[in-house]
Amino acid sequence: MQRWRGLEDIPQDWGRSVVTIGSYDGVHRGHQLIIGRAVERARELGVPAVVVTFDPHPSEVVRPGSHPPLLAPHHRRAELMADLGVDALLILPFTTEFSKLSPADFVVKVLVDKLHARVVVEGPNFRFGHKAAGNVDFLTELGKTYDYEVDVVDLYVSGAAGGGEPFSSTLTRRLVAEGDVTGAAEILGRPHRVEGIVVRGAQRGRELGFPTANVETLPHTAVPADGVYAGWLHVEGEAMPAAISVGTNPTFDGTERTVEAYAIDRVGLDLYGLHVAVEFLAFVRGMAKFDSIETLLVAMADDVKRSRELVEAAEA
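The model shown is predicted, which means the values in this text are computed figures rather than measured ones.

> What should I look at first to understand the pattern of salt bridges in this one?
Taken as a whole and assessed by the stated rule, the structure comprises 19 salt bridges. Arg37 is paired through a salt bridge with Asp151; the nearest N and O atoms lie 2.8 Å apart. Here Asp151 lies in strand E6 (residues 149-152) and Arg37 lies in helix H1 (residues 29-45), a separation of 114 residues in the sequence. Each of Arg37, Arg41, Glu44, Glu149 and Asp151 takes part in a single network of salt bridges with overlapping partners.

Shown next, in the form of structure tokens:
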């Protein structure tokens, strides 16, 4: 999959294409319907499928300080989109100047002049341009002038997650924040994941016999609620069953919120400085302050036992 950052990266000889535009944070099951349709239409027409997205998130530019927690960084979204068959990903730097483009100017500058759109695939509530003034009706009307078709896909899948609410990135963020990683996984179609570099922490886990990878998560990451989770620690292509702790280590009066993963039954791992990913399978228990090291150790042993069982059941 080709990756472009900015309109100037698009090859000069780029021909017709099928395009879809959106933040696509998480590339959840609703997003997968839209992107999948774009790929399907592209294959039918014998042209590339292109996803257009933005960095930073538009809300941070339009309303500074309102950047939502992110379900997936751009490189992870790119991997997921490539798996869906996308041929090119265009990341547009979202600046104040860019935010002032009228819907018509956006269509001409991006879809017509650069991507030569043959079909544009969107959800029914797609909005674009200055003050989000453009919608699918306006996009369709301009298509008559600029020779492209608009294909509207109903992305509103729903299930048990969130009490039956339609799947969305907003609902997924809420479930993650509440610690409902099982519900979040239903929407995403896979476990929620956080990424970052392994850094040196207080090393208490090592002293207690449960050495953990202390993951310094990427900015704006959607981190689950404080607690203990079962899941996996991904290191250099290997997925290791893990017991994961999110919180401030209240037994030791900690103040800094951390994500720490203990790779179950693995010894001698040296992960410092490595970029790793932590996937959350299931909530095990809430964060608690223990009266003694002994009671903490008993709880940690139980956490590892339950996490091992949950992962084994998921992998069976």
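From this point, the narrative continues.
> Got a minute to help me understand empty space enclosed by the protein in this structure?
Any space left empty among the atoms is revealed by the rolling of a water-sized probe across them. With the rule as written, the count across this model stands at 1 cavity of 30 Å³ or more. The space that makes up the largest cavity amounts to roughly 60 Å³. Contributing to the lining of the largest cavity are Leu71, Ala72, Pro73, Arg76, Leu188, Arg190, Pro191, His192 and Arg193. Taken together, the residues of the lining of the largest cavity break down into 5 nonpolar, 1 polar and 3 charged. Split by domain, the lining of the largest cavity shows at least three residues from each of two domains, domain 1 (2-155) and domain 2 (191-315).

> Mind showing me how you'd approach the packing of aromatic side chains here?
Remark: the centre distance and the inter-plane angle together describe each pair of aromatic rings, the angle taken between the planes. Across all of its chains, the model carries 11 aromatic pairs by this definition. On the basis of an interplanar angle of 75 degrees and a centroid distance of 6.0 Å, the ring pair of Phe98 and Phe106 is categorised as edge-to-face. A relative accessible area of 15% places Phe98 in the buried class. The exposure class assigned to Phe106 is buried, which follows from its relative accessible area of 3%. Taken together, the ring pairs connect Phe54, Phe94, Phe98, Phe106, Phe126, Phe128 and Phe138 into an aromatic cluster. Just above the ring of Tyr272 sits the side chain of Arg200; from NZ or CZ to the centre is 3.8 Å.

> Would you mind going over the sheet that holds strand E9 (residues 227-235) with me for this structure?
Strand pairing in a sheet relies on backbone hydrogen bonds. The paired strands run either parallel or antiparallel. One closed barrel holds the 6 strands; their spatial order is E7-E8-E11-E10-E9-E12, and the pairing between them is antiparallel. Geometrically, the sheet is characterised by an average inter-axis angle of 45 degrees between neighbouring strands, direction not taken into account. Relative to strand E12 (residues 275-285), E9 is paired through 8 bridges, and the arrangement is antiparallel. Across the sheet, Val235 pairs through a bridge with Val276, a residue of E12. With respect to the sheet, helix H10 (residues 293-315) is in contact with E9, strand E10 (238-247), strand E11 (258-263) and E12, its orientation differing from that of E12 by roughly 100 degrees.

> Even after reading the chapter, I still don't get the domain arrangement of the chain, so can you show me in this structure?
Interface size is commonly expressed as the accessible area that is lost once the parts come together. Under the domain assignment used here, the chain contains domain 1 (2-155) and domain 2 (191-315). Here domain 1 and domain 2 have C-alpha centroids that lie 36 Å from each other. Residue-level contacts link 8 residues of domain 1 with 9 residues of domain 2. For the pairing of domain 1 and domain 2, the buried interface totals around 650 Å² over both sides, and the portion due to carbon and sulfur atoms is 54%. On the domain 1 side of the contact with domain 2, Leu70, Leu71 and Arg76 bury the most area, a combined 52% of that side's loss. Linking domain 1 to domain 2 there are 0 salt bridges. Taken together, the links from domain 1 to domain 2 amount to 3 residue pairs in polar contact (both at pLDDT 80 or more). In terms of residue class, the side of domain 1 that touches domain 2 is made up of 5 nonpolar, 2 polar and 1 charged.

> Where do I start with helix H7 (residues 169-178) in this structure?
An α-helix turns once every 3.6 residues. As a result, residues three or four positions apart point the same way. Residues Ser169, Leu171, Thr172, Arg173, Leu175 and Val176 constitute the buried set of H7. Contacts from the buried residues of H7 go to H1, helix H8 (181-188) and strand E7 (192-199). A positive phi of about 85 degrees marks Gly179, the residue just after H7.

> Would you explain the packing of helix H5 (residues 103-112) against helix H6 (residues 136-146) in this entry?
The description of two helices packed together rests on the angle between their axes and the distance between the axes. At a closest axis distance of 11 Å, the pairing of H5 and H6 adopts a crossing angle of 55 degrees. Taken together, the axes of H5 and H6 lie oblique to each other. Here H5 runs over H6; the crossing is right-handed. For the pair H5 and H6, contact is made by Pro103, Ala104, Val107, Val108, Leu111 and Val112 and by Phe138, Leu139, Leu142 and Tyr146, respectively.

> Can you walk me through the sheet that holds strand E2 (residues 17-21) in this structure?
If you walk across this open sheet you meet the 6 strands as E1-E4-E3-E2-E5-E6, and the pairing is parallel. Every other strand in the sheet has two partners, leaving strand E1 (2-5) and E6 as the edge strands with one partner each. Averaged over all neighbouring strand pairs, the angle between strand axes comes to 25 degrees, with direction disregarded. In this sheet, E6 lies alongside strand E5 (residues 117-122) in parallel orientation, the contact comprising 4 bridges. When the sheet's bridge partners are listed, Val121 is paired in E6 with Asp151.

The rules behind each value
Residues numbered from 1 in each chain as written. Predicted model: local features only at pLDDT ≥ 70, side-chain atom pairs only at ≥ 80, totals over all residues. Heavy atoms only, no water. Salt bridge = Lys/Arg side-chain N within 4 Å of Asp/Glu carboxyl O. Helix = DSSP H or I, 4+ residues; strand = E, 2+ residues; numbered from the N terminus. 1 Å grid on protein atoms, 1.4 Å probe; cavity = no way out; pocket = protein on both sides within 12 Å on 5 of 7 lines; lining within 4 Å. Points joined across faces, edges and corners; volume = space filled by probe spheres on them. Nonpolar A, V, L, I, M, F, W, Y, C, P; charged D, E, K, R; others polar. Domains from an automatic or database assignment. Phe/Tyr/Trp six-rings, centres within 6.5 Å; stacked < 30°, edge-to-face > 60°. Buried < 20%, exposed > 50% of the residue type's maximum accessible area, 1.4 Å probe, protein only. Lys NZ or Arg CZ within 6 Å of the ring centre and 35° of its normal. Pairing = 2+ DSSP bridges. Axes fitted to C-alpha atoms, helices over the stretch in contact; angles between N-to-C directions. Contact = heavy atoms within 4.5 Å. Buried area = accessible area lost by both parts, 1.4 Å probe. Polar contact = N/O pair within 3.5 Å; in protein donor to acceptor, adjacent residues only side chain to side chain. Parallel < 35°, antiparallel > 145°, perpendicular 65-115°, else oblique. Left-handed = near helix turned anticlockwise from the far one by under 90°.

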